[in-house]
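Per-entry structural report
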Amino acid sequence: LAGYVHSVGLKFGLYTAHGTLTCQHEPGSYGYEYLDAFTYACWDVDFLKEDACTLPTGDNPESDYFRMNDGLSKSGYPIVFSLCEAANGYEYWSPYLGNSWRTTGDTSATFTNVMSHIDPNSLSAYVAGPGRWNDADILQIGMGDFASLIPAETQFTMWCIMASPLLAGNDIT
């Protein structure tokens, strides 16, 4: 699959969680970070989003992300690592463990919700830089309040100003 995706000029991304299960109740990477990291490298994965679902009680997200980061680094294959944990103090450790990190909760397709992501995203703007991005979550373009041009352009523009990854959450056709 990765070979086909690369042959048409696209990058290949995967989703997992640093808990025992993903948010979709599939097996997560908790306790298998090194095995998973080397597997993703063997599969030529270009982008890995690791969500924050079903964490064991008392878990430390920084330690979990460290294990995956370390595994990805040791695999020798360059994978963009996207953290999804806007926990208190994330801005102090996320830039050292991932290429992007969530700064807010999930967006929904309402203008009010999307605009509520702008101020919180600015709190950690100072840690963004080349190869490191504050992630205000997916673009809602084409859905809900963003089905019309002006709101869609507004979200796209704000995400560009914030240097947030431009990840499509819609049917791109």
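Residues numbered from 1 in each chain as written. Predicted model: local features only at pLDDT ≥ 70, side-chain atom pairs only at ≥ 80, totals over all residues. Heavy atoms only, no water.

**A closer look at unusual backbone geometry**
Positive phi, close to 60 degrees, is recorded for Asp-44, a residue that is not glycine. Relative to the helices and strands, Asp-44 resides in the loop between helix 2 (33-42) and strand 2 (47-51). Look at Asp-137: it is not a glycine, yet its phi comes out positive at around 95 degrees. Within the fold, Asp-137 resides in the loop between strand 5 (133-135) and helix 7 (149-161). (Helix = DSSP H or I, 4+ residues; strand = E, 2+ residues; numbered from the N terminus.)

**Some words on helix 3 (residues 61-75)**
Every α-helix carries 3.6 residues per turn, so stepping three or four residues along brings you back to the same face. The end-to-end C-alpha distance of helix 3, which contains 15 residues, comes to 21 Å, matching closely the 21 Å that a straight helix rising 1.5 Å per residue would cover. Within helix 3, the full set of buried residues consists of Pro-61, Asp-64, Tyr-65, Met-68, Asp-70, Gly-71, Leu-72 and Ser-75. Turning to helix 3, the residues buried within the fold contact helix 2, strand 2, strand 3 (80-83) and helix 4 (90-97). Its side-chain oxygen placed 3.0 Å from the backbone nitrogen of Glu-62, Asn-60 serves as the N-cap of helix 3. Among the residues trailing helix 3, Gly-76 stands out with phi positive, at a value near 80 degrees. (Expected span 1.5 Å × (residues − 1). Buried < 20%, exposed > 50% of the residue type's maximum accessible area, 1.4 Å probe, protein only. Contact = heavy atoms within 4.5 Å. Polar contact = N/O pair within 3.5 Å; in protein donor to acceptor, adjacent residues only side chain to side chain.)

**Thoughts on a nonpolar patch on the surface**
A contiguous nonpolar patch, built from Tyr-4, Val-8 and Leu-10 and spanning about 330 Å² of accessible area, is present on the exposed surface. By the element assignment, Leu-10 lies in the loop between helix 1 (2-7) and strand 1 (13-17). (Patch = residues over 30% accessible without salt bridge, like charges linked within 9 Å, V, L, I, M, F, W, Y side chains within 5 Å. Areas by Shrake-Rupley, 256 points an atom, 1.4 Å probe, with all protein chains shown as cover. Salt bridge = Lys/Arg side-chain N within 4 Å of Asp/Glu carboxyl O.)

That is the geometry; function is a separate question.
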